[in-house]
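# Close look at the chain arrangement
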Amino acid sequence: MKPNMKRLRSVFDNKSKNLKLLLIFILALIPRIFDLGTILTVDEPLWIWRSTKFINAILHLQPQKTMITTHPGVTTMWMSGLSIGIQKGLSTGKLLTLLFAAKLPIAILTSIGIVLIYTLLDKIFDEKTALIGALLIAFDPFFIAHSRVIHLDAVLTVFITISLLSLIVFLKLQEKIYIYASGVFAGLAFLTKLPGFLLIPFVFFTLRTGYTNPTKDDYKTIFLKWFGLAVLTGILLWPAMWISPIKSTNSLFQNAIGVVTTPHVGSNFFMGRITADPGFMFYPIVLLLRLTPVVLIFSILSLLFIKGMPKKERETTLMIMFFILFFFLVVSITSNKGYRYLLPIFPFINILAAIGINHNA
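Because the structure is a prediction, the values reported are computed rather than measured.

### Side note on the packing of aromatic side chains
Evaluation of the coordinates by the stated rule reveals 19 aromatic pairs. With centroids separated by 4.4 Å and ring planes inclined at 10°, the aromatic side chains of phenylalanine 190 and phenylalanine 197 adopt a geometry described as stacked. Each ring, one from phenylalanine 202 and one from phenylalanine 323, has its centre 5.2 Å from the other, and the planes form 75°; the classification is edge-to-face. Separated by 121 residues along the polypeptide, phenylalanine 202 in helix α9 (residues 199-210) and phenylalanine 323 in helix α15 (residues 311-333) bring together distant segments of the chain. Each member of the pair, phenylalanine 202 together with phenylalanine 323, is buried.

### A closer look at empty space enclosed by the protein
Applying the stated criterion to the full structure yields one cavity of 30 Å³ or more. Looking at the largest cavity, the residues that line it are Leu164, Leu167, Ile168, Phe202, Met319, Ile320, Phe323 and Phe348. Elements that contribute at least two residues to the lining of the largest cavity include exactly α7 (153-173) and α15.

### Remarks on the side chain of arginine 340
Note on placement: arginine 340 falls in the loop between α15 and α16 (346-360). Arginine 340 sits in the buried class, given a relative accessible area of 17%. Polar contacts involving the side chain of arginine 340 include one to the side chain of aspartate 153, which spans 2.8 Å. The contact partners of arginine 340, leaving out residues within four places of it in the chain, are Asp43, Phe142, His146, His151, Asp153 and Lys193.

### A look at the nonpolar core
By size, the foremost hydrophobic cluster in this structure holds 83 residues, and its most contacted members are Ile160, Leu164, Leu165, Leu207, Leu342, Ile345 and Phe348. Among the elements that line this core, the one with the most residues is α7, at 14 residues. Apart from residues no more than four positions distant in its own chain, leucine 165 is found in contact with Ile117, Leu120, Leu121, Ile124, Phe348 and Ile351. Judged by nonpolar contacts, the second largest core, of 19 residues, contains Ile84, Leu194, Met241 and Leu252.

### What to know about the layout of surface pockets
Its volume calculated, the largest pocket comes out at about 910 Å³. The wall of the largest pocket is formed by 39 residues, among which His71, Lys193, Leu194, Pro195 and Phe197 lie closest to the centre. Listed by contribution, the elements that provide at least two residues to the lining of the largest pocket are α2 (44-59), α8 (176-192), α10 (219-237), α12 (245-261) and α15. By residue number, the principal contributor to the lining of the largest pocket is α12, which donates seven residues. Looking at the lining of the largest pocket, its residues break down into 27 nonpolar, eight polar and four charged.

### Some points on unusual backbone geometry
Peptide bonds are, in most cases, trans, and in most cases residues other than glycine have a negative phi. In this model, histidine 71 is joined to proline 72 through a cis peptide bond whose omega is 5°. Despite not being glycine, aspartate 35 shows a phi value in the positive range, around 55°. Along the polypeptide, aspartate 35 turns up in the loop between α1 (2-33) and α2. One non-glycine residue, leucine 61, lies in the positive phi region at around 55°. Examined against the element boundaries, leucine 61 turns out to sit in the loop between α2 and α3 (74-90).

### Thoughts on α3
Over its 17 residues, α3 extends 24 Å from the first C-alpha to the last, a length consistent with the 24 Å expected when each residue adds 1.5 Å. Where the residues of α3 are buried, they touch α2, α4 (95-124), α7, α8 and α10.

### What about the environment of tyrosine 219?
Following the sequence through the fold, tyrosine 219 ends up in helix α10. Assessed through its relative accessible area of 18%, tyrosine 219 is described here as buried. In the structure, tyrosine 219 is positioned 97 residues away from threonine 316 in sequence and 18 Å away in space, judged by C-alpha atoms.

### A closer look at the pattern of salt bridges
Scanning all chains against the criterion turns up five salt bridges. One salt bridge connects lysine 20 with glutamate 127, and the closest N-O pair in it is separated by 2.0 Å. In this pair, lysine 20 is assigned in helix α1 and glutamate 127 in helix α5 (residues 127-138), connecting sequence segments 107 residues apart. Relative accessible area serves as the criterion here: at 42%, glutamate 127 is assigned to the partly exposed category. As a salt-bridge pair, glutamate 44 and lysine 103 come within 2.5 Å of each other at their nearest N and O atoms. Of this pair, glutamate 44 sits in helix α2 while lysine 103 is found in helix α4, placing the two residues 59 residues apart along the sequence. Assessed through its relative accessible area of 0%, glutamate 44 is described here as buried. Via salt bridges that share partners, Asp43, Asp153, Lys193 and Arg340 belong to a single interconnected network.

The rules behind each value
- Residues numbered from 1 in each chain as written.
- Predicted model: local features only at pLDDT ≥ 70, side-chain atom pairs only at ≥ 80, totals over all residues.
- Heavy atoms only, no water.
- Phe/Tyr/Trp six-rings, centres within 6.5 Å; stacked < 30°, edge-to-face > 60°.
- Helix = DSSP H or I, 4+ residues; strand = E, 2+ residues; numbered from the N terminus.
- Buried < 20%, exposed > 50% of the residue type's maximum accessible area, 1.4 Å probe, protein only.
- 1 Å grid on protein atoms, 1.4 Å probe; cavity = no way out; pocket = protein on both sides within 12 Å on 5 of 7 lines; lining within 4 Å.
- Points joined across faces, edges and corners; volume = space filled by probe spheres on them.
- Polar contact = N/O pair within 3.5 Å; in protein donor to acceptor, adjacent residues only side chain to side chain.
- Contact = heavy atoms within 4.5 Å.
- Core = buried A, V, L, I, M, F, W, Y, C linked by side-chain atoms within 4.5 Å.
- Nonpolar A, V, L, I, M, F, W, Y, C, P; charged D, E, K, R; others polar.
- Expected span 1.5 Å × (residues − 1).
- Salt bridge = Lys/Arg side-chain N within 4 Å of Asp/Glu carboxyl O.

As structure tokens, this is what we get:
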């Protein structure tokens, strides 16, 4: 009788967990899909064209022509290009339907990403912190806004967040599947936008300083496995790399130099004027204006509880803080600035707020 009861309880627990994951997905999807496709932002026509051109190059067996932009934007072009192709085959081609099809994969990806983020947080913190963190991320207005457009920043944010949380789970549980997952999602971040490459120095430093329970593999071996999987993911999913790997890599490198040194002319309205480089105070003000009051207050309050945290939770919280600071400083010193470039640190600030809320509850 007892084994049957245990089995029944296990089935019930699994169903309850699956129901919770489904509920998180639905809650994340609703604000992202409601009235989707009813507006058109300034960059979206270009990304619709790029996505269509990308898929057409693949369908016509011209992998070299998938080198369309040096962002490189590959993940967005894969998803939206396929969705637009399916939409064209099923509908009359109305503009609103086209816009909906182009944006839908971004909304779905970010919603699935939030479910995965919750699953990883549940392995790092207690269940309450994980749930609060996932819901704060799901309902973050800044993240929602960028999850509803065909662009790169929301996609990049999802991949960076999952990659780093997978790394943290690996450091905590010493299960190699998570370092492999971190590598794959890092590769997806590389394919999305150049700031994804900031994962490389951060992960190396984290493994160097945080790999506290080594197996037969030292941190260098683990890093090489992580980096190898990231690169392999990039090569497999970007057809241009199959034909012209040196040209594609060089193009990325040249664009990275341009991003660091060249302001985006006339792209920022800041302190009452249009300016190419709004200066170092731009991002601090963007951060204050884009964070919700609840997240801002409780993320600051979380700093007060670091000393009293258990060792592993304290190390994890400090690692999250270090990533926020690292990413913030790097984008701040570049000449090419835009408010959305700060988006990848928002999930981590929401996680800090969840810690603050839980400790104050």
